[in-house]
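Listed below, chain by chain, are the residues.
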Amino acid sequence: MEKRKQSNTGSYLSVLGALVIWSSSFVAIKFAYETFPPITLGATRFVVATVILGALTLLMKGNRVKLEKKDALSVVASGFMGIMLYAVLQNIAVQWTSASNATLIIASYPVITVLLEALIYKAKLNALKIVGILIAVAGVVVLAYTKAEERVSGELLGSILLVVAGVAWAFYNFLTKKVVNHYPPVTLLFYQTLFGTLFMLPLALFERSEWAAPTVMSFSMMLFLGVFCSVVAFLL
């Protein structure tokens, strides 16, 4: 019983740690925009993450598992949805909305996942899930209609893009569930990040005219996003 309590406590702390790191990512993105355009920031961040995850996969014997052909489509698609599409939408959206608003919308992502799961896979909604959905909807309504005079230009579009990113994140979760038991966590995340980064790199070339030498602040924020938000938080 004591071991089960310790295990549950560890799980809760891991989830809390990941949420804290991901919540801080929006502030880091704002600072990184000093020299990094949105898609370039995403691509650079995930290049860093790919190198770290690749090293962990190669150096740790238990992680050296080849991608099987039967899983390739799900892994590639999850990399496209959860790494490339999600990061691009999020980074563009954060330009037009505040970090606090972005954090509130991101908090509704589990609800988006539950709703899509119910619609697509006919999953049943219990009372707890319904209450959670109602609370999330109420929060979005409050966010939409309060302090309208303080909104920055394009904030509505930014919020919509974040919601669409939430849909991409839900499909990433659905695709990951199909293969999550076939590979060690580090290995699966490496493959997903690798494919997502490969999809993103060509898009960054469209921002060449906006490229600039990074400052200490923007570079450190990019590293924070690449190391902590793209590797550590995912593996907690």
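Reading the values: rules and limits
Sequence order sets the numbering: in each chain, residues are counted from 1 along the sequence as written. Residues qualify for local features only when their pLDDT is at least 70, as the model is predicted, and side-chain atom pairs are given and counted only at 80 or more; totals for whole chains, interfaces and linings, by contrast, use all residues. Hydrogens and water molecules were not included; the side-chain quantities draw on all heavy atoms of the structure. Just to be clear on terms, a salt bridge is a Lys or Arg side-chain nitrogen sitting within 4 Å of an Asp or Glu carboxyl oxygen. Classification of residues uses two cut-offs on accessible area relative to the type maximum, computed with a 1.4 Å probe and protein chains only: under 20% is buried, over 50% is exposed, and between them is partly exposed. Strands are runs of DSSP state E lasting at least 2 residues, helices are runs of H or I lasting at least 4, and numbering of each runs from the N terminus. The contact criterion used is simple: two residues touch if any of their non-hydrogen atoms lie within 4.5 Å. Working convention: axes come from line fits to C-alpha atoms, limited for helices to the stretch in contact. Angles between N-to-C directions cover 0 to 180 degrees. Any angle that falls under 35 degrees is termed roughly parallel, while one over 145 is termed roughly antiparallel, one within 65 to 115 roughly perpendicular, and all others oblique. In this scheme, a crossing is called left-handed if the near helix is turned counterclockwise away from the far one by less than a right angle; it is called right-handed if the turn is clockwise. Residues are grouped as follows: Ala, Val, Leu, Ile, Met, Phe, Trp, Tyr, Cys and Pro are nonpolar; Asp, Glu, Lys and Arg are charged; every other residue, Gly included, is polar.

Draft legend 1. The arrangement of the pattern of salt bridges in detail. Taken as a whole and assessed by the stated rule, the structure comprises three salt bridges. With a shortest N-O distance of 3.4 Å, Glu 68 and Lys 70 are connected by a salt bridge. Overall, the relative accessible area of 37% leaves Glu 68 in the partly exposed class. On the basis of relative accessible area, Lys 70 is assigned to the exposed category, the value being 58%. In this structure, Glu 117 and Lys 177 form a salt bridge, with 3.3 Å as the shortest nitrogen-oxygen distance. Placement of Glu 117 in helix H5 (residues 109–121) and of Lys 177 in helix H7 (residues 155–179) is noted, with a sequence separation of 60 residues between them. The class for Lys 177 is exposed, based on a relative accessible area of 52%.

Draft legend 2. Summary view of the side chain of Thr 57. Secondary-structure assignment places Thr 57 in helix H2 (residues 38–59). A residue is classified by how much of its surface remains accessible, and Thr 57, at 7% relative accessible area, is buried. Leave out the neighbours within four places in its chain, and Thr 57 touches Asn 63, Arg 64, Val 186, Thr 187 and Phe 190.

Draft legend 3. The arrangement of the environment of Phe 171 in detail. Tracing the backbone through its elements, the reader meets Phe 171 in helix H7. Sequence-wise, Phe 171 and Gly 82 are 89 residues apart; in three dimensions their C-alpha atoms are separated by 7.7 Å. Ignoring anything within four residues of it in the chain, the contact list for Phe 171 reads Met 81, Leu 116 and Ile 120.

Draft legend 4. The packing of H5 against H7, seen in detail. Here H5 crosses H7 at 60 degrees, and the two axes come no closer than 9 Å. Viewed along their axes, H5 and H7 adopt a mutual orientation that is oblique. Read as a crossing pair, H5 and H7 show a hand that is right-handed. Taken together, the residues of H7 that come into contact with H5 (itself represented by Tyr 109, Ile 112, Thr 113, Leu 116, Glu 117, Ile 120 and Tyr 121) are Leu 162, Val 163, Ala 165, Gly 166, Val 167, Trp 169, Ala 170, Phe 171, Asn 173, Phe 174 and Lys 177. Residue classes in the contact of H5 with H7 are distributed as 13 nonpolar, three polar and two charged.

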